[in-house]
Amino acid sequence: MASNQTPTEFPYTLTISLPLPTNRLASSALRTLEVDTELSPFVKRSFALTTPTKEPTASEEAKTVLETTYRATTNRMLRVAVNGFMENLGVVLGVMEELDVDVLDAEDEK
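Just so it is clear, the structure is predicted and the values come from calculations on it, not from any experiment.

Procedures and definitions
Residues numbered from 1 in each chain as written. Predicted model: local features only at pLDDT ≥ 70, side-chain atom pairs only at ≥ 80, totals over all residues. Heavy atoms only, no water. Phe/Tyr/Trp six-rings, centres within 6.5 Å; stacked < 30°, edge-to-face > 60°. Helix = DSSP H or I, 4+ residues; strand = E, 2+ residues; numbered from the N terminus. Buried < 20%, exposed > 50% of the residue type's maximum accessible area, 1.4 Å probe, protein only. Expected span 1.5 Å × (residues − 1). Core = buried A, V, L, I, M, F, W, Y, C linked by side-chain atoms within 4.5 Å. Contact = heavy atoms within 4.5 Å. Pairing = 2+ DSSP bridges. Axes fitted to C-alpha atoms, helices over the stretch in contact; angles between N-to-C directions.

*Asks:* Report on the packing of aromatic side chains, specifying residues and quantitative values.
*Replies:* For the structure shown, the criterion picks out two aromatic pairs. On the numbers, 6.3 Å between centres and 45° between planes, the contact of F47 with F85 is tilted. One end of the pair, F47, is in strand β2 (residues 43-50); the other, F85, is in helix α2 (residues 75-99), with 38 residues separating them in the sequence. Classification of F85 by relative accessible area gives buried; the value is 3%. Ring plane angle 65° and centroid distance 5.7 Å describe the contact between Y70 and F85, whose orientation is recorded as edge-to-face. Linking Y70 in strand β3 (residues 65-72) with F85 in helix α2, this pair joins segments that are 15 residues apart in sequence. Cluster of aromatic residues (ring-pair linked, three or more members): F47, Y70 and F85.

Following this line, the structure appears as structure tokens:
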């Protein structure tokens, strides 16, 4: 949170933790989703890659969880922002499922 914002300015929060199979996929999802900034000044969003066990000393490759935190001024603004994020996330995951090299390699082995 920026230093000029107090927690009371954005009291409604939600953190979404999305486990993905590899760090490469989690990093790709993060880079894809962070390009679109929030349109409303009443909503703030941040991303982080974490480990499933929240180990602070884990290697970069162990960070396979995409953690997205939303902060908003009202619960309605939070809901609208998260709904939009979920739509975008669905597109990103769908593209990964259809076009990712690792997924295609796994299907060839069947």
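*Asks:* Now, about α2: what can you tell me, with residues and values included?
*Replies:* Since one α-helical turn is 3.6 residues long, residues separated by three or four positions face the same way. A rise of 1.5 Å per residue sets the reference length of α2, with its 25 residues, at 36 Å; its end C-alpha atoms lie 36 Å apart and thus fit the reference within 8%. Every buried residue of α2 is accounted for by M77, L78, A81, V82, F85, L89, V92 and M96.

*Asks:* I'd like to hear about the nonpolar core, residue by residue, with values.
*Replies:* Membership of the largest hydrophobic core comes to 22 residues, with the highest contact counts inside it found for L20, L33, L66, Y70 and F85. At the level of secondary structure, the elements contributing two or more residues to this core comprise β1 (12-19), α1 (23-34), β2, β3 and α2. For this core, the leading source of residues is α2, giving eight residues.

*Asks:* Provide a residue-level description of α1, including the pertinent values.
*Replies:* End to end, α1 covers 16 Å across 12 residues, agreeing with the expected 16 Å (1.5 Å per residue, within 8%). Inspection of α1 places N23, L25, A26, S27, S28, A29, L30 and L33 among the buried residues, and these make up the whole buried set. Structurally, α1 contributes buried residues whose contacts are with β2, β3 and α2.

*Asks:* Describe the sheet that holds β2, with residues and values.
*Replies:* In space, the three strands of this open sheet follow the order β1-β3-β2, with antiparallel pairing throughout. Of all the strands in the sheet, just β1 and β2 have a single pairing partner and so form its edges. Here the strands of the sheet are splayed against their neighbours by 15° on average, with no regard to which way each runs. Note that β1 and β3 share eight bridges and pair antiparallel. Bridged to L14 within β3 is Y70. In the packing of α1 onto the sheet, the strands contacted are β2 and β3, and the crossing angle to β2 comes to about 165°.

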